[in-house]
Every structure is written in structure tokens, then in C-alpha cells.
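Chain by chain, the residues run as shown.
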Amino acid sequence: MEKELLIRIVSLAVCFLLSAGVGAQNKQYDSYKGLVMAGYQGWFNAPDDGAGRGWYHYNGNEGFRPGSCTIDFWPEVSEYEKLYKTEFEFDDGTPAYVFSSYDESTVDVHFKWMRDYGLDGVFMQRFVTEICRESSLKHFNKVLNSAMKAANKYNRAICVMYDLSGMRPGQESVLLKDISVIAEKYSLKDHNENPSYLYHDGKPLVAVWGVGFNDRRHYGLDETEKIISGLKAQGFSVMLGVPTHWRELSGDTENDSRLHDLIRQCDIVMPWFVGRYDELTYPRYNQLVSEDVKWAKNNGVDYAPLAFPGFSWCNMKGQTSTQIQRNKGSFFWKQLSGAIAVGAEMIYIAMFDEIDEGTAIFKCAKRVPVGISTFVPIEEEIESDHYLWLAGQAGKMLRKELPLTMTQPVRK
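Description of the structure in this document. (Residues numbered from 1 in each chain as written. Predicted model: local features only at pLDDT ≥ 70, side-chain atom pairs only at ≥ 80, totals over all residues. Heavy atoms only, no water.)

This paragraph deals with the overall build of the protein. A count of helices and strands for the protein gives 11 helices and 14 strands. Whereas a compact globule of 412 residues would reach a radius of gyration of roughly 22 Å, the protein reaches 22 Å, a difference of no more than 12%. With the C-alpha coordinates aligned to their principal axes, the bounding extent of the protein is approximately 80 × 60 × 50 Å. Excluding contacts between residues fewer than 6 apart, the proportion of contacts in the protein whose partners are at least 24 apart in sequence is 73%. Carbon and sulfur atoms make up 50% of the accessible area of the protein, which totals about 17700 Å². Side-chain charges of the protein comprise 45 positive and 54 negative groups, with the mean position of each set lying 3 Å from the other. (Helix = DSSP H or I, 4+ residues; strand = E, 2+ residues; numbered from the N terminus. Rg over C-alpha atoms; globule rule 2.2 N^0.38 Å. Contact = heavy atoms within 4.5 Å. Areas by Shrake-Rupley, 256 points an atom, 1.4 Å probe, with all protein chains shown as cover. Lys, Arg positive; Asp, Glu negative; His and termini not counted. Charge placed at Lys NZ, Arg CZ, Asp CG, Glu CD.)

Right under this line is the structure:
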């Protein structure tokens, strides 16, 4: 009798530990195929958050106050553990608050949302020009550390992405040294130790964005080639972020066929579409995606098309600047379903948290501050989490867990 009781107690204890996640084996992310992932900026700071950067990526030329800011969407902040009071107010005179990416609790909330809504994971942005500066490196290291913890806690895929914007020749060595340090610290090459880190073609994946644009960047294809060969030598697979018209070497793309040679050296190519079209002009770009898919298959490279929910940067660039309407998710869904319909096997969403340019899919506010600065509220007819939900639905559709539908699904 005592033996049976002991067995029963041990059995219950094991069940409890497993339900709590103790000893449970996280899913290993062995391929980008079948995943819908988003870019994660993680660049927002507030005074007193410990980073020593004051208001950062919220502030305009005269600080972060009415009439001076760079964000067009306001975050929905009801679920954050730590908040920071601003000079902005709602229509009833109460103060408006925002989060800081520097707080580990903020990143934890974001990864919890990814799990809750079915977004498979994120690409953690690291800007080469930022990690050259001590205060910025401190910030992005803190955010990355929080994200690595949260990714394994919530069983989400995570991948490091380097943005080359503003990089100068010679700074490619900064990138290669940085990823070497990260790989050792977070066991990127031991998938059992860090199962959430995204692998592709049998190796840990590193993304490099900003290659082949014809907008007079200081770096070029020579520096890119050094980065690719350096990453390959360190044992990584590579995803290359390129302009919209990379295949035709036209429009926003440098007219140099070496770009194609570099793409063939990589494992995945991802074109940048943000701001290039709206819902009315999208069909022409969906045909472009279809042709991209064919080129990639013929050249032995995987292809990750991009989708974005809308665009707005009026507080940053002026009230007459470009805005692309979200249309209550219709625009976003057309891109997601359109990419899947023409054969996409993976999707990149821009972005998870970029309220600067109005591309964020995370929870944004329906009720926004009033005054000199004008903010874009989430549409009345939908909820603040609608775009997260659509991303999760697209993932299910990509994996054929749901039937393909070109019509935006209705939430029940």
C-alpha cells in the first residue's frame, strides 16, 4: 500500500513538473520553411529605464513632447509591467504612457503575444552603426539577452539580423566579431542548448539586410561579399535582404549582376517591399513575387517574401508625407494570402514593433493622445490585436493547417 502511494505521489509530481515546463523539450527550429516571422526593432527607450539614452526612437528634434515625436502609432500599454509617463494627454486630460524595450518585462510580454497569437518568431535587428557605439551596444545586447530568454520560454523562433544601413567600409569586421561573440554566449551552434535559435540548411541562420540598394550607400557589394564569406566561414547559413527589384536589377536596385552572384552564395533571399505599393497597386507586385519564386527555385535559393500591414510616418516626415492605409487588415491579408498562393514557403513581416513608420503588428492603441501631434488609431471595427491574429492565421494557412483563402478571415 505504501509503495503504491509512493508511486502515485511521484507520478503526480512528474505531471506537475511537465505541465510547468520543467524538463519539457522545446521545439527545435530547424528551418525557416513553414514559418511566418517578423522583424523586431527593440529600439525604444525612456528616461529612467537604465539605458542612459533618454527618449530614443520616440523623440523628435525637440524631445518627446506634443509637436515633437517620430511615432505615428501609439502602443496599447495595458499589459506591460513597467511604463513611462509622457507629456502627451488623452482627450480627458489624463497622461499617456509608453514602454521601454530595455526592460526585460517588455520583451517578455512581446514574446508571450507571439505565442498566444501564433506568430512563429522574430528576427532581432542589430544595426552595425549602432553596435559601434558603447551605449547603443549596451542597449541592443540587453534586448537580445531578454529575447533569447523569452524565445525559449515561449517556444518561439529567434534569429539575429544585421541592418547595414549607414555602415562604412571596414565596419564589416564589427559585424563578424559581434556574431562570433553572440554565437558563443548563446550557444547558437548547439541546437540542443538553444533550440529556439533558427537554423536553415543545417546551420544557424544569420540575416543581413540592406544589400544592392542604389541609394548611394557608403558600402557596396565588395563589403557584402566579405560579410557573406565571413559568416559562411564561421558556420552560418545566410539570409540576404535586398531591394524590391533585385531580380531585374532595376528600380531601387543597383544595376550590377554581382548581386545575383552574392544571392546564389546565400541560403535565402528576402526582398524589401515596405512603402512600394498599397492595396490598389498590390496585384502587380504579387506577380513580381511569383516570378521571384521561380527565379529562386531555378537558382537553388530559398525565398522569403515580405508583407506589411500599412505605413505612416507623418510625425517623422510631416503631415503631407506618404501614408498607406491598413483597411482593417484587408491590405495585410492580401499580401499574406497572395504570397502563399504563388508558392511562398516562408514569410517575413515588417515589422513586429515599428510604430515609427506605422508598420507594427503588435498591439497598438485604439484610443490615442490628442493635440499637436496626430496619431493613427487602430480602426474602430477591429481589436488592437487584430494584426497579430492575422499573422497567426497566415502561419496556419502556410502550413496547410487551414485552407487557402484570399478573403480576410472573420474572427469568431
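Turning next to the pattern of salt bridges. For the structure on display, the rule yields 25 salt bridges. Arg258 is paired through a salt bridge with Asp256; the nearest N and O atoms lie 3.3 Å apart. A relative accessible area of 18% places Asp256 in the buried class. The partner of Arg264 in a salt bridge is Asp261, with the nearest N and O atoms 3.2 Å apart. One end of the pair, Arg264, and the other, Asp261, are both in helix α7 (residues 258-265), 3 residues apart, so they sit about a helical turn from each other. Overall, Arg264 belongs to the partly exposed group, its relative accessible area being 38%. Through salt bridges with shared partners, a single network forms among Arg53, Glu130 and Arg133. (Salt bridge = Lys/Arg side-chain N within 4 Å of Asp/Glu carboxyl O. Buried < 20%, exposed > 50% of the residue type's maximum accessible area, 1.4 Å probe, protein only.)

Relative to each other, helix α6 (residues 221-233) and α7 sit at 10 degrees, their axes nearing to 11 Å. What the angle tells us is that α6 and α7 run roughly parallel. When α6 is examined against α7, the residues Leu221, Asp222, Thr224, Glu225, Ile228 and Lys232 are found in contact with a partner set consisting of Arg258, Leu259, Leu262 and Gln265. Of the residues contributing to the contact of α6 with α7, the split by class is 4 nonpolar, 2 polar and 4 charged. (Axes fitted to C-alpha atoms, helices over the stretch in contact; angles between N-to-C directions. Parallel < 35°, antiparallel > 145°, perpendicular 65-115°, else oblique. Nonpolar A, V, L, I, M, F, W, Y, C, P; charged D, E, K, R; others polar.)

Now for the side chain of Thr224. Summarising the element assignment, Thr224 is placed in helix α6. Thr224 gets classed as buried once you look at its relative accessible area, which sits at 2%. Among the polar contacts listed, one links the side chain of Thr224 to the backbone oxygen of Gly220, at a separation of 3.0 Å. If near-sequence neighbours (up to four positions away) are discounted, Thr224 is found in contact with Leu164, Val211, Leu240 and Leu262. (Polar contact = N/O pair within 3.5 Å; in protein donor to acceptor, adjacent residues only side chain to side chain.)

That's the geometry; what it means functionally is another story.
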